[in-house]
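The primary structure of each chain is shown beneath.
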Amino acid sequence: MDPHNPNPTPTDAPSPPAESAARLAALSLRGTRDLPPDFHTAEIHDLDDDDDDDDEGYLTAASRGGSSTSAWKEAPEGLHDDDKDGDDVSQPSPSSSGYAGERGSSLDDDPDPEPAQDWPRDKKHLHEDDASSSWRKRKKHFFILSNSGKPIYSRYGDEHKLAGFSATLQAIISFVENSGDHIKFVRAGKHQIVFLVKGPIYLVCISCTEESYEGLRGQLELMYGQLLLILTKSVNRCFEKNPRFDMATLLGGTDAVFQSLIHAFSWNPATFLHAYTCLPLAQSTRQAASAVLQDVADSGVLFVLLMCEHKVISLVGAQKATLHPDDILLLANFILSSESFRTSESFVPICLPRYNPMAYLHAYVHFFDEHTYVALLTTRSDAFYDLKDSRARIQNVLLKSNVLIEVQRSLHENALCVEDLPTDPSSQSASHPPESSRDMNSQSLSSEMAIGGPGGLWHFIYKSVYLDQFVSSEFPSPISNKKQQKRLYKAYQKLYASMHDKATGPHKTQYRRDEDYVLFCWITQDFELYAAFNPLADKTQAIKMCNRVCQWVRDLENEIFVYGESALSWQYHRCWGGI
Amino acid sequence: MGCSSSVPARSTGGLNTISNDSSPATDSKDLRAKLVLLGDSGVGKSCIVLRFVRGQFDPTSKVTVGASFLSQTLALEDSTIVKFEIWDTAGQERYAALAPLYYRGAAAAIVVYDITSPESFSKAQYWVKELQKHGSPGIVMVLVGNKADLHDNRSVSSQDAQDYAEKNNMFFIETSAKTADNINQLFEEIAKRLPRPTAS
């Protein structure tokens, strides 16, 4: 173990052969030296500018695709800087390169104080580039570039000003590829640089958020999926024709889509669970919606999705057509982050990367109200008026059956709260009157409101493996602010990554305690349960609560999950077997 | 009564056309017209449409994705009622290849540029050429210089645009979606120029 490496990975990968190790050592040296000096600073964690929490900058809604008059930088200035301000990586050594093959995710729980602010959708800090100290201090960068080093997307700053930086990233990737290998990640002090190569398109995340390699790589995969949703994989042909092809202009006007996806990485569990979540609704209400959606799908529409924000109300696919949860996530993100959909009905080519990454589908999108919308997907480019008629049919049924009203009500009331967790009748320590249980509309006024649910339960996420759906509880008061919620999601992400670690797992249960929470994870072939308790919670009690959560979810299954839609009706009857 | 569709349907092969011939008009005085807006991104196509259809102007920029569909009815002085079915297309380059889907079968096309942006004027000329090559025969084409309220920053002269429009047999008008200047006039002029159905 290298004494200079402050973040030893718990599972060190087998060392590469000597020759390539030497090359990697050189790479590591170059890689870290190429970074601007601020990437090394230890106090980076004290800065209140993580991810989405920016309070400077300006509106840039239509920022892309325009001509850039800005100067192109020759190279990052860090190239010539010495490393004296980087305690952590002052002397990069072979073993600090972090090139650890499949593994290497750190399980350290290092709480990372972050500010709580609302997400500024349009802020991209266009005035920044790799020479600005504010840019270097960002905790999490995302870059998309072409294999010739041309910038395609950057989370912060103007892509055109980051040409030199992009070229550096490209050089790192091709340096490794030239030796017949490919690069997965590089560690530089507290920073992790994760690479994802997709043909001619390179995606890179530079982060000091302590997230696992698997987690960050999954996020890059979703970024790539979002890009395909907008452009399809046939964009690769442009690079075959012209390697210097400037793809950034093709993505004009889509900044908000990527910003919103990156934001989702810190609040939407669907981004790492690969499952979708439903809006809780009475079974009869959902059936009314599903029936008309099924009718429409039978008339030749490929997919019909009725959604409320990110939550599915109902979805139906034509025969044998199945929708992947990631496609639902990316489609919803695309629709919700593009303001123009809310203005009027739209007809838009989109690609569902998991369904068919090569081809466009045509999507008809209409918002019934501020939150609720329908998306009708077809392969026919001339189907607009048919889809418009179908939408009118759907709208009629939704109005007649009061579905839209029920949706509004559910949006405001029907959240699962841990305070409402039904009491186990045999439990003496229970502080809940049994009559308050199982009523999703009940508002608990007990003192536990202040401290979370019974047994110290704060929060849970339950994923049904067969349905590819999950439910998560509302956040109780101990984790009421955005910063705490984000921290909990990061803890869940880590938990997820460690449970699904291909090298050491998969695991069935995990129980861990740190100064923030007790985290408990339980995976069976039917479900995955992630639960957070207050850090003083008793282990036996916690396990008991987890059992009660599972029972509770089972009792509510008809309201919180979508069943039996042909698009996703795989073996749902097996869902509850053998808990 | 040839009112159900204001344009002859083009049934030639190739790309499909979005058209709706299903609902017949109720009165011979009524006209339905498919109208398409084309132009560079950010010139204000959506703002023109929203000003015309809803009387609104939203200064925050909302990038159109794909194409938006809106309709608005306009009564002319000769008591003709024109129902515009408007396709507000996205200006982004990635959607350029899809434009035929929206302009085929259109009775009228509004080609928009921004009077402060010479690039957008060149782009407008590109669209005019494309429409001349592939648009419906007899399509009513209008050249619109938008953002007329920003005349202090003007970089496309009215005369140049007027000359270009005349050469290409187009109607030319400068508008401001922000102040609503000339917006209704624009659509009235189009309505007047639409071919009338031959009386039965």
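Keep in mind it's a predicted model, so treat the numbers as computed, not measured.

### Observations regarding the overall build of chain A
Helix and strand counts for chain A stand at 14 helices and 16 strands. Here chain A holds 579 residues, and the buried ones make up 59% of them. A total of about 22200 Å² of accessible surface is found on chain A, and carbon and sulfur atoms cover 50% of it.

### Quick word on the domain arrangement of chain A
When the parts come together, some accessible area is lost, and that loss is often what is quoted as the size of the interface. Residues and elements named next belong to chain A. Assigned domains within chain A: domain 1 (133-265), domain 2 (276-413) and domain 3 (452-560). Taking the mean C-alpha position of each, domain 1 and domain 3 sit 32 Å from one another. Counting from both sides, the interface comprises seven residues of domain 1 and, opposite them, four residues of domain 3. In total, about 450 Å² of surface goes out of reach between domain 1 and domain 3, with carbon and sulfur atoms giving 47% of it. Run the count over domain 1 and domain 3 and you get zero salt bridges. Linking domain 1 with domain 3 are three residue pairs in polar contact (both at pLDDT 80 or more).

### Describing the interface of chain B and chain A
Contact with chain B, which involves 26 residues of that partner, is made by 28 residues of chain A. Each partner contributes to the roughly 2300 Å² buried at the junction of chain B and chain A, and carbon and sulfur atoms together form 60% of this total. The three residues of chain B that bury the most area against chain A are Val65, Phe69 and Arg94 of chain B, which together make up 29% of that side's buried surface. Taken together, the links from chain B to chain A amount to zero salt bridges. Linking chain B with chain A are 10 residue pairs in polar contact (both at pLDDT 80 or more). Sorting elements by how many residues they give to the side of chain B that touches chain A places strand 2 (residues 67-75) of chain B first, with four residues. Residues of the side of chain B that touches chain A, tallied by class, amount to 12 nonpolar, nine polar and five charged. Taken together, the three bridges between strand 9 (residues 345-350) of chain A and strand 2 of chain B define a ladder with antiparallel strand orientation. Paired with Phe347 of chain A across the strands is Ala67 of chain B, a residue of strand 2 of chain B.

### A look at the sheet that holds strand 5 (residues 201-207) of chain A
Strands pair in a sheet through their backbones, by hydrogen bonds, and they do so in one of two ways: parallel or antiparallel. Residues and elements named next belong to chain A. Spatially, five strands are ordered 2-1-5-4-3 in an open sheet, and the strand pairing comes out antiparallel. The strands lining the two open edges of the sheet, one partner per strand, are strand 2 (151-154) and strand 3 (185-188). Each adjacent strand pair in this sheet contributes to an overall mean axis angle of 15°, direction not counted. Pairing between strand 1 (residues 140-146) and strand 5: seven bridges, direction antiparallel. Bridge assignment links Lys140 to a residue of strand 5, and that residue is Ser207.

### Notes on the confidence of the model for chain A
Residues and elements named next belong to chain A. Per-residue pLDDT for chain A averages 77, and the proportion of residues at 70 or more is 71%. Predicted confidence for residues 1-121 stays below pLDDT 50, and this span has 261 contacts to residues more than four positions away or in other chains. Note that pLDDT drops below 50 for residues 565-579; the model gives that stretch 42 contacts with residues more than four away or on any other chain.

### Focus: the environment of Lys124 of chain A
Residue and element names in this part refer to chain A. Along the chain, Lys124 falls in the loop between helix 1 (18-34) and helix 2 (133-136). On the basis of relative accessible area, Lys124 is assigned to the buried category, the value being 1%. In sequence terms Lys124 and Arg155 are 31 residues apart; their C-alpha atoms lie 6.6 Å from each other.

### Some details on the pairing of strand 2 of chain A
Residues and elements named next belong to chain A. As defined by bridge partners, strand 1 adjoins strand 2 across three bridges and the pair is classed as antiparallel. Bridge pairing in strand 2 places Leu145 opposite Pro151. The antiparallel pairing of strand 1 with strand 2 creates a hairpin that spans four residues between the two strands, and Gly149 there sits at a positive phi of about 90°.

### Quick look at helix 6 (residues 255-264) of chain A
Residue and element names in this part refer to chain A. Of all the 10 residues making up helix 6, 10 are buried; the element is thus mostly covered by neighbouring parts of the structure. By the burial criterion, the buried members of helix 6 are Asp255, Ala256, Val257, Phe258, Gln259, Ser260, Leu261, Ile262, His263 and Ala264. Buried residues in helix 6 make contact with strand 1, strand 2, helix 4 (213-231), helix 7 (270-273) and helix 9 (325-337).

### Structural notes on the packing of helix 6 of chain A against helix 9 of chain A
Residue and element names in this part refer to chain A. In the contact formed by helix 6 and helix 9, the axes pass within 9 Å of each other and the chain directions differ by 125°. By the criterion of interaxial angle, the relationship of helix 6 to helix 9 is oblique. Between helix 6 and helix 9 lies a crossing whose hand is right-handed. Together, Ala256, Val257, Ser260 and Leu261 of helix 6 and Leu330, Asn333, Phe334 and Ser337 of helix 9 make up the contact between the two elements. Classifying every residue of the contact of helix 6 with helix 9 gives five nonpolar, three polar and no charged.

### Some details on the UniProt feature "domain: FUZ/MON1/HPS1 second Longin" (unreviewed entry) in chain A
Per the UniProt record, "domain: FUZ/MON1/HPS1 second Longin" (unreviewed entry) is found at residues 300-394 of chain A. Helix makes up 29% of residues 300-394 of chain A and strand 35%, with an end-to-end C-alpha separation of 15 Å.

### Some remarks on the nonpolar core
The biggest cluster of nonpolar side chains holds 142 residues, and the ones touching the most others in it are Met223, Phe334, Leu377, Ile394 and Tyr492 of chain A together with Leu143 of chain B. Top contributing element to this core by residue count: helix 4 of chain A, with 11 residues. With near-sequence residues (within four places) excluded, Tyr492 of chain A lies in contact with Phe272, His459, Phe460, Ile461, Leu519, Tyr530, Ala531 and Ala532 of chain A.

### Examining the packing of aromatic side chains
This structure, assessed with the given rule, holds 36 aromatic pairs over all chains. Relative to Phe258 of chain A, the ring of Tyr153 of chain A has its centre 5.0 Å away and its plane inclined at 35°; by these criteria the two rings are tilted. Of this pair, Tyr153 of chain A sits in strand 2 while Phe258 of chain A is found in helix 6, placing the two residues 105 residues apart along the sequence. Across this residue pair, the class does not change: Tyr153 of chain A and Phe258 of chain A are buried. Arranged with centres 6.2 Å apart and planes meeting at 65°, the rings of Phe460 of chain A and Trp552 of chain A form a pair that is edge-to-face. Taken together, the residues Phe460 of chain A in strand 12 (residues 457-464) and Trp552 of chain A in helix 14 (residues 539-560) connect sequence positions 92 residues apart. A relative accessible area of 4% means that Trp552 of chain A is categorised as buried. Pairwise contacts between aromatic rings join Phe347, Tyr364, Phe384 and Tyr385 of chain A together with Phe69, Trp87 and Tyr102 of chain B into one cluster. In this structure, Arg138 of chain A is placed above the aromatic ring of Tyr156 of chain A, and the distance from its NZ or CZ to the ring centre is 4.5 Å.

### Looking at the pattern of salt bridges
Taken as a whole, this structure holds 18 salt bridges over all chains when the rule is applied. Between Lys198 of chain A and Glu221 of chain A there is a salt bridge, and its shortest N-O distance comes to 3.1 Å. Of this pair, Lys198 of chain A sits in strand 4 (residues 191-198) while Glu221 of chain A sits in helix 4, and the two are 23 residues apart along the sequence. We classify Lys198 of chain A as partly exposed; its relative accessible area is 23%. By relative accessible area, which is 30% here, Glu221 of chain A ends up partly exposed. One salt bridge in this structure joins Asp78 of chain B and Arg196 of chain B, with 3.9 Å as the shortest N-O distance. Note that Asp78 of chain B is positioned in the loop between strand 2 and strand 3 (81-89) and Arg196 of chain B in the segment after helix 5 (183-193), a separation of 118 residues in sequence. Classification of Asp78 of chain B as partly exposed rests on a relative accessible area of 38%. Taking the relative accessible area as the measure of exposure, Arg196 of chain B reaches 34% and is therefore partly exposed. Because the salt bridges share partners, they merge into one network encompassing Lys198, Arg217 and Glu221 of chain A.

### What to know about the side chain of Glu211 of chain A
Residues and elements named next belong to chain A. With respect to the helices and strands, Glu211 occurs in the loop between strand 5 and helix 4. Overall, Glu211 belongs to the buried group, its relative accessible area being 7%. Polar contacts involving the side chain of Glu211 include one to the side chain of Lys140, which spans 2.9 Å. Residues within four places of Glu211 in sequence aside, it is in contact with Lys140, Gln192, Leu216, Gln219, Lys490 and Gln493.

How each quantity is defined
- Residues numbered from 1 in each chain as written.
- Chains lettered and ligands numbered in written order.
- Predicted model: local features only at pLDDT ≥ 70, side-chain atom pairs only at ≥ 80, totals over all residues.
- Heavy atoms only, no water.
- Helix = DSSP H or I, 4+ residues; strand = E, 2+ residues; numbered from the N terminus.
- Buried < 20%, exposed > 50% of the residue type's maximum accessible area, 1.4 Å probe, protein only.
- Areas by Shrake-Rupley, 256 points an atom, 1.4 Å probe, with all protein chains shown as cover.
- Domains from an automatic or database assignment.
- Contact = heavy atoms within 4.5 Å.
- Buried area = accessible area lost by both parts, 1.4 Å probe.
- Salt bridge = Lys/Arg side-chain N within 4 Å of Asp/Glu carboxyl O.
- Polar contact = N/O pair within 3.5 Å; in protein donor to acceptor, adjacent residues only side chain to side chain.
- Nonpolar A, V, L, I, M, F, W, Y, C, P; charged D, E, K, R; others polar.
- Pairing = 2+ DSSP bridges.
- Axes fitted to C-alpha atoms, helices over the stretch in contact; angles between N-to-C directions.
- pLDDT = per-residue confidence, 0-100.
- Parallel < 35°, antiparallel > 145°, perpendicular 65-115°, else oblique.
- Left-handed = near helix turned anticlockwise from the far one by under 90°.
- UniProt positions renumbered as here; feature names shortened; annotations may be inferred.
- Core = buried A, V, L, I, M, F, W, Y, C linked by side-chain atoms within 4.5 Å.
- Phe/Tyr/Trp six-rings, centres within 6.5 Å; stacked < 30°, edge-to-face > 60°.
- Lys NZ or Arg CZ within 6 Å of the ring centre and 35° of its normal.

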